[in-house]
Amino acid sequence: MSDTFCPDCKKHTEVAFDHSAGDTVCTECGLVLEAHSVDETSEWRTFANESNDNDPVRVGGPSNPLLTDGGLSTVIAKPNGAHGEFLSSSLGRWQNRGSNPDRSLILAFRTIANMADRLGLVATIKDRANEIYKKVEDLKSIRGRNQDAILAACLYIACRQEDRPRTVKEICSVANGATKKEIGRAKEFIVKQLEVEMGQSMEMGTIHAGDFLRRFCSTLGMNNTAVKAAQEAVQRSEELDIRRSPISIAAAVIYMITQLSEDKKPLKDISLATGVAEGTIRNSYKDLYPYASRLIPNTYAKEEDLKNLCTP
């Protein structure tokens, strides 16, 4: 409803819009103020479940500026009831013969979208990964390279640039068979190519242990008290000169916190959840152990409780 002047009521009154008739009606006296108006808002309804998956929705997807035609090209649909005979018809043959210059891009964007969805990433990361791939593809330098590794590397870089980093192992889990080594090489290749093209270093964003901590804790099923203590410990660790990767520090902090809890987590489980080798977690724990009293919040463990920590 909205407020409009009604000539019959001689005052501003609330009006209602009748979508079926296209009429704007005064709610006070029922006078039709405007008839047969066009509703210019988007129609997002779908009728697929009501019509045997033959969806007559009248709006398509949003335009994509990365594609030549904006992703709004015309596609000849199959006639009702047509199956194999459509492909043998003249319309079907012309549809198949039509060369789409963006076919490879569309397939790449679709693969990136599938990987992003499986990781639960937001749309901004997916769009950034598409932009990175488009820039690299325009350079014509990825021919002959592992396509899955290239796409996974684009997603990894996009996560870093959007300050939502994921570990290479997490990206590898949805990379359709591409290995961590292949993704790492593809990432270095993409960064080098784009830096040469831009003439400047490529901003990748800084990784912090806290970027991964909550996700790791959730995987391990840690309670909120332990998670908050781990987050505070990770923040305090940034003040120390611990020369370990942020992921290793996060894993070591989780191990330290769980050792002070009744719900102790085996080192093997922490290794599986974080993707950090058990030996690396032990070595990182050794580096953090001397600072335990400074890292662990007093609200979580007292000085005497720290004696329960296993020595490295």
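Structure: see above.
Residues numbered from 1 in each chain as written. Predicted model: local features only at pLDDT ≥ 70, side-chain atom pairs only at ≥ 80, totals over all residues. Heavy atoms only, no water.

Chemist: Describe the overall build of the chain, with residues and values.
Modeler: Per the secondary structure count, the chain includes 13 helices and four strands. Classification of the 312 residues of the chain by burial places 37% in the buried group. Carbon and sulfur atoms form 47% of the exposed surface of the chain, whose accessible area is close to 19,100 Å². (Helix = DSSP H or I, 4+ residues; strand = E, 2+ residues; numbered from the N terminus. Buried < 20%, exposed > 50% of the residue type's maximum accessible area, 1.4 Å probe, protein only. Areas by Shrake-Rupley, 256 points an atom, 1.4 Å probe, with all protein chains shown as cover.)

Chemist: Explain the environment of Lys181 to me, using residue names and the numbers behind them.
Modeler: Counting through the fold element by element, Lys181 comes out in helix 7 (residues 180-198). The exposed category is assigned to Lys181, whose relative accessible area is 58%. Sequence separation between Lys181 and Val168 is 13 residues, and the spatial gap between their C-alpha atoms is 9.2 Å.

Chemist: Residue-level account of the packing of aromatic side chains, with values.
Modeler: Summed over the entire model, instances satisfying the criterion amount to three aromatic pairs. Aromatic side chains Phe212 and Phe216 sit 6.0 Å apart centroid to centroid with 15 degrees between the ring planes, which places their arrangement in the stacked category. Of the two residues, Phe212 and Phe216 both sit in helix 8 (residues 210-220), four residues apart, roughly one turn of that helix. The class for Phe216 is buried, based on a relative accessible area of 2%. Sitting over the face of the ring of Phe189, Arg145 holds its NZ or CZ atom 3.6 Å from the ring centroid. (Phe/Tyr/Trp six-rings, centres within 6.5 Å; stacked < 30°, edge-to-face > 60°. Lys NZ or Arg CZ within 6 Å of the ring centre and 35° of its normal.)

Chemist: Describe helix 11 (residues 267-274), listing the residues and the values that go with them.
Modeler: A turn of α-helix holds 3.6 residues, and therefore any two residues three or four places apart point the same way. Residues of helix 11 that are buried include every one of Leu267, Ile270, Ser271, Ala273 and Thr274, and no others. In a view along the axis of helix 11, the buried residues occupy a sector of 165 degrees, so they form one face of it. Seen from the open side of helix 11, the exposed residues pointing more than 90 degrees away from its buried face are Lys268 and Leu272. Elements in contact with the buried residues of helix 11: helix 8, helix 10 (246-259) and helix 12 (278-288). Gly275, located one to two residues past helix 11, shows a positive phi value of around 80 degrees. (Arc of directions from axis to C-beta. Contact = heavy atoms within 4.5 Å.)

Chemist: So what's going on with the pattern of salt bridges? Which residues, and what values?
Modeler: Under the definition given, this model contains ten salt bridges. Residue Asp263 is joined to Lys265 by a salt bridge in which the shortest nitrogen-to-oxygen separation is 3.0 Å. Judged by relative accessible area, which is 39%, Asp263 ranks as partly exposed. Note on Lys265: relative accessible area 13%, which makes it buried. Arg282 is paired through a salt bridge with Glu278; the nearest N and O atoms lie 3.7 Å apart. With Arg282 and Glu278 both in helix 12 and four residues apart, the pair spans about one turn of that helix. Each of Arg128, Glu131 and Glu162 takes part in a single network of salt bridges with overlapping partners. (Salt bridge = Lys/Arg side-chain N within 4 Å of Asp/Glu carboxyl O.)

Chemist: Please give an account of the side chain of Glu137 that cites residues and values.
Modeler: Residue position: Glu137 is located in helix 4 (residues 123-138). No salt bridge is formed by the buried Glu137. Its closest oppositely charged neighbour is Lys140, at 4.0 Å. The residues contacting Glu137, other than those within four sequence positions of it, are Ser104, Leu105 and Ile142. (Lys, Arg positive; Asp, Glu negative; His and termini not counted.)

Chemist: Break down the pairing of strand 3 (residues 23-26) for me, citing the residues and quoting the values.
Modeler: Here strand 2 (residues 11-18) pairs with strand 3 via four bridges, running antiparallel. Within strand 3, the position partnered with Phe17 by the bridge is Thr24. The hairpin turn running from strand 2 into strand 3, its antiparallel successor, is four residues long, and Gly22 in that turn takes a positive phi close to 75 degrees. Alignment of strand 3 against strand 4 (residues 32-34), held across two bridges, turns out to be antiparallel. Within the sheet, the bridge partner assigned to Thr24 lies in strand 4 and is Glu34. (Pairing = 2+ DSSP bridges.)

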